[in-house]
Each structure stands twice: as C-alpha cells, then as structure tokens.
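Residue strings, one per chain:
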Amino acid sequence: MERIEKPTTLSGIVLQYRSFHCFIYQWCTRMDSVFEAYLGPDGMLGAVAGSGSEPDDIPKVNSKVWVLGKQYNAVQELDLIRRDIKSRLWCTYRRGFVPLGEPQLTTDKGWGCMLRCGQMVLAQALIDLHLGRDWFWSTECRDSTYLKIVNRFEDSRKSYFSIHQIALMGDSEDKKVGQWFGPNTVSQVLKKLVRYDDWCSLVIHVAMDNVIVIDDIIALCLEKPQNEESWKPLLLMIPLRLGLSDINPIYIPALKKCFELVGNCGMIGGRPNQALYFVGYIDDEVLYLDPHTTQRSGTVGQKTSADEIDFDETFHQKYAGRINFAQMDPSLALCFLCKSRVAFDILLDKLKTEVLSASPQPLFEIMQKPSSEWKSTVADFENVNHTPRELRRACCDDLLDSDEDFEFIS
C-alpha cells in the first residue's frame, strides 16, 4: 500500500484538509442521492412510492406502539398511528432558499440533517405546548396557532428557527455554516435561539455531563422562586453518548421507557452517517422521521393560496421509518417538555423510578445541586460523554476520532 506523506507546511496541511472535506461532502451528497432514490419523492420507502403497495412502516403484529408518550396497538390502531405521525412537523433538506453564509449556500443537502432534526424536536415541543398532545393536523388546518408554529421553521432569515438562524447561531459554538453538528451542538444552539422568541414561551435547559441538576432548572424556569405559577415551560435536552462506535445494548430498555413518558419530545440522534429524529418504538425497533429528502423552499403563510396549501403538506409525512435499536448511533439527545412545575416533578419521579432503573447502568444522574467535580465544556462533551466522570478528562483525546465520525451524520 502506498504511504501517504504527511504535509510539513501550513499550506500543505490546509490543502490536505480542504481535499478531505471536499471528498466527505461529495460522499455525503452521493449517499443522500442514493437514499432519496430509495425513499422516493415523498420520503416513503421505495416499495411504497408510486407502487400502490401497502407501506411497511408499522409491522403487522399485535404489539404495543409508543409514539411520543402515547400508546397504540399496531394492528387495531394503525390509521391513528399514521395520523399521529403525520401531525408532527417533518423538517427536511430544502433547496432554493435565500443564500446562507459566506459560501452563499442555497441548499442544506449534505450537511443540514442534524439541524433539521433539531427543528423537528423544537416544533414538537411547541405543538405540544400550544396545541396539546391530542391535536392532529389535516390538509384543511388553518389554525392560527399552528400557522405561527410552522412559519417559524420556514427557510428565511426572518423565521425564528429557520435553517439560516440555526446555522448562523452555530458560529457561536465554533461551527461554521455548512459544517456538521452533533446532538449537543444543536441543543446548545436551540437553547440560545428560543430566547429571542417571546411568543414560543419556552426555555431550554441542556443537561451537561450526564447530570440533571434540579436547582439549575428551577432557577431557569421559576421567575418568582416562591410562586410555582410563574414557571416557564421547559424543554429539557439531555445529550448522551451510550457507547464508543456502537450503542451499548444495556441502555436500550431505558431508551424505550423514555418514549413512554408524558411530555416526551423524542430523541435527536441517528444511525452512522445519517441524522434522524426518533419519535417512538415498537418491540425492538425505533421509529423515526428522516430529513434526507430534498424539497423546494417556500412559505406556508396563512394558507390562503393553493401554493401555500401545497407547501404546508411538505411539512408532514404519514409513514415513519424504523430501525433496530442496536443500529442507532451511540450519540443522541433525549428531549422532554415540562409545561408546569408539577409536570417537571412528575417527570423527575418517572425518570428515577422507571428510566434510571430500567438498565444496569443508568443513562444519567439526577442531582439537587451542581457537583464541585470537573465540569465539562461543550467542546469536551462533543468528544466524550457516557464515561465514568473521573475518567472523562483522560478519555477525551482517545475518543475524539470516534465522535467526529458521528459529526458526519448531518
């Protein structure tokens, strides 16, 4: 095998880095094209799109299906499951939007799928908060609250949670426009963006270092410490790394339990080289919405024209995909909505009694006050997470390469 010489000058290093980045971008673009061909124009499985055959989204077995905290029967309630899936906001690659960033990009194909997964989890939190978990979307829907939500995710600079806002805010997390995000980075970006939108009435807490610190959350959410009615609705995001290159199977029972909890907003994660938004599970398979379909840009507006009505439909996908839990990438972020202090206390109790006890090794810790031990930075976290705390500092350098593999998935 021919040996590749290491560059000895700064210009040589830069040239080699650019060549490698170009190769990876082209590879991801080709993979996206293959994946889209497999899915078909509407993001459905190839066997479904245009064939008229029954989609293979939910297996025809007499099993429980959990979708974002709600339980269904796979056979008896199939139509209701699909209606629930279709009511989630499906955020995908777009093309033809207003130029973005220094490269003047007009599409996020090949780099934006983790950003789109971040949009989907935030959209779910807003729908649950403002419309309720039992709300369902239909083509005829012109609910003013729904329109306010979907308008916030259109690809324009003025939309609060557009691909433009997320990508540009990523610069504060040392991610340039067009770079791949990990689950923690997109969580940190969303945490900053919600501060600029008073209407959304939401705050985000990102639990770092595998620890939920109760006092930190109460300080964030309670405007008046003695008045629990002053609680600001919370989207709790818990980034985790549950293995090195593969997910450790001991954590799968606990992940299943997360989907069963009231207020569950899914998980930001993926499988190697692809970011996915996980919304539920059946048996040993996790259900997801996939952003790897490139659609046109446009606006839903107030749905007063045929074009706006048609464009609204591009935000909804009737059929979920599914993969085995063992195929998930080990880096992910758990997401929960707590509309009130009571809801937060109930979530903590459920996490302690049902989630943390479901696996031999707990997914994370819950503490009342911050620990005086080493506190990780965002950069450290992107390198290593689910390692005993006393070993994390020593392991960061060794695991850097494996985490950068996950950064590929956007």
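Residues numbered from 1 in each chain as written. Predicted model: local features only at pLDDT ≥ 70, side-chain atom pairs only at ≥ 80, totals over all residues. Heavy atoms only, no water.

## Brief notes about the overall build of the chain
A tally of regular secondary structure across the chain gives 12 helices and 14 strands. Counting every position in the chain, which comprises 410 residues, the buried fraction comes to 57%. In the chain, 70% of the contacts between residues at least 6 apart in sequence involve partners at least 24 apart. Split by element, the accessible area of the chain, about 18,200 Å² in all, is 53% carbon and sulfur. (Helix = DSSP H or I, 4+ residues; strand = E, 2+ residues; numbered from the N terminus. Buried < 20%, exposed > 50% of the residue type's maximum accessible area, 1.4 Å probe, protein only. Contact = heavy atoms within 4.5 Å. Areas by Shrake-Rupley, 256 points an atom, 1.4 Å probe, with all protein chains shown as cover.)

## Let's talk about the side chain of Asp 312
For Asp 312, the position within the fold is in helix 9 (residues 306-313). With residues up to four places along the chain from it excluded, the contact list for Asp 312 reads Trp 137, Tyr 146, Val 150, Val 300 and Lys 303.

## Section: the pairing of strand 1 (residues 64-67)
The pairing of strand 1 with strand 2 (residues 70-73) spans 4 bridges and is classified as antiparallel. Of the residues in strand 2, the one forming a bridge with Trp 66 is Gln 71. Hairpin remark: strand 1 followed by strand 2, antiparallel, with 2 residues in the connecting loop; positive phi at Leu 68, about 50°. Pairing of strand 1 with strand 9 (residues 274-282), which is carried by 3 bridges, proceeds in the antiparallel orientation. By the bridge assignment, Val 67 is partnered in strand 9 with Gly 280. (Pairing = 2+ DSSP bridges.)

## Overview of the pairing of strand 5 (residues 203-206)
Neither face of strand 5 is exposed, since Val 203 and His 205 on one face and Ile 204 and Val 206 on the opposite face are all buried. In terms of strand pairing, strand 5 meets strand 7 (residues 234-241) through 4 bridges, oriented parallel. Along strand 7, the bridge assignment pairs Val 206 with Met 237.

## Re the packing of aromatic side chains
For any pair of aromatic rings, the description rests on two quantities: the centre-to-centre distance and the angle between the ring planes. By the definition in use, this model includes 7 aromatic pairs. Seen in terms of ring centroids, Trp 135 and Tyr 146 are 5.4 Å apart; in terms of plane orientation they differ by 25°. Their pairing is stacked. Here Trp 135 is found in the loop between helix 3 (113-130) and helix 4 (144-151), whereas its partner Tyr 146 is found in helix 4, with 11 residues between them in sequence. Taken together, the ring pairs in this structure connect Phe 153, Tyr 160 and Phe 161 into an aromatic cluster. The ring of Phe 315 carries the charged tip of Arg 94 above its face, separated from the ring centre by 4.7 Å. (Phe/Tyr/Trp six-rings, centres within 6.5 Å; stacked < 30°, edge-to-face > 60°. Lys NZ or Arg CZ within 6 Å of the ring centre and 35° of its normal.)

## Digging into the environment of Ile 252
Structurally, the position occupied by Ile 252 is in helix 8 (residues 252-260). The exposure class of Ile 252 is buried, given its relative accessible area of 13%. With 73 residues separating them along the chain, Ile 252 and Phe 325 place their C-alpha atoms 6.8 Å apart. What Ile 252 contacts, discounting residues up to four positions off in sequence, is Phe 325 and Ala 326.

## Topic: the sheet that holds strand 11 (residues 295-296)
The 3 strands lie next to each other as 4-3-11, forming an open sheet whose pairing is mixed. Edge positions in the sheet fall to strand 4 (105-107) and strand 11, since each has one partner strand and no second. Here strand 3 (residues 94-100) runs beside strand 11; their pairing, made up of 2 bridges, is parallel. Along strand 11, the bridge assignment pairs Arg 95 with Arg 296.

## So, the pattern of salt bridges
Taken as a whole and assessed by the stated rule, the structure comprises 19 salt bridges. A salt bridge links Lys 303 to Asp 312; the nearest nitrogen and oxygen atoms lie 2.8 Å apart. A single burial state applies to Lys 303 and to Asp 312, both of which are buried. One salt-bridge network, held together by shared partners, links Asp 56, Glu 285 and Arg 322. (Salt bridge = Lys/Arg side-chain N within 4 Å of Asp/Glu carboxyl O.)

## Focus: the packing of helix 3 against helix 6 (residues 183-193)
In the contact formed by helix 3 and helix 6, the axes pass within 10 Å of each other and the chain directions differ by 50°. Considering the angle they form, helix 3 stands oblique to helix 6. The hand of the helix 3/helix 6 crossing is right-handed. Every residue of helix 6 that contacts helix 3 at Met 114, Leu 115, Gly 118, Val 121 and Leu 122 is listed here: Pro 183, Val 186 and Leu 190. For the contact of helix 3 with helix 6, the per-class residue count stands at 7 nonpolar, 1 polar and no charged. (Axes fitted to C-alpha atoms, helices over the stretch in contact; angles between N-to-C directions. Parallel < 35°, antiparallel > 145°, perpendicular 65-115°, else oblique. Left-handed = near helix turned anticlockwise from the far one by under 90°. Nonpolar A, V, L, I, M, F, W, Y, C, P; charged D, E, K, R; others polar.)

## Re helix 3
Compared with an ideal rise of 1.5 Å per residue, which puts 18 residues at 26 Å, helix 3 spans 26 Å between its outermost C-alpha atoms and is within 8% of the ideal. Summarising burial for helix 3: 17 of the 18 residues are buried, a large majority. Of the residues one or two after helix 3, Gly 132 is the one with positive phi, at around 100°. (Expected span 1.5 Å × (residues − 1).)

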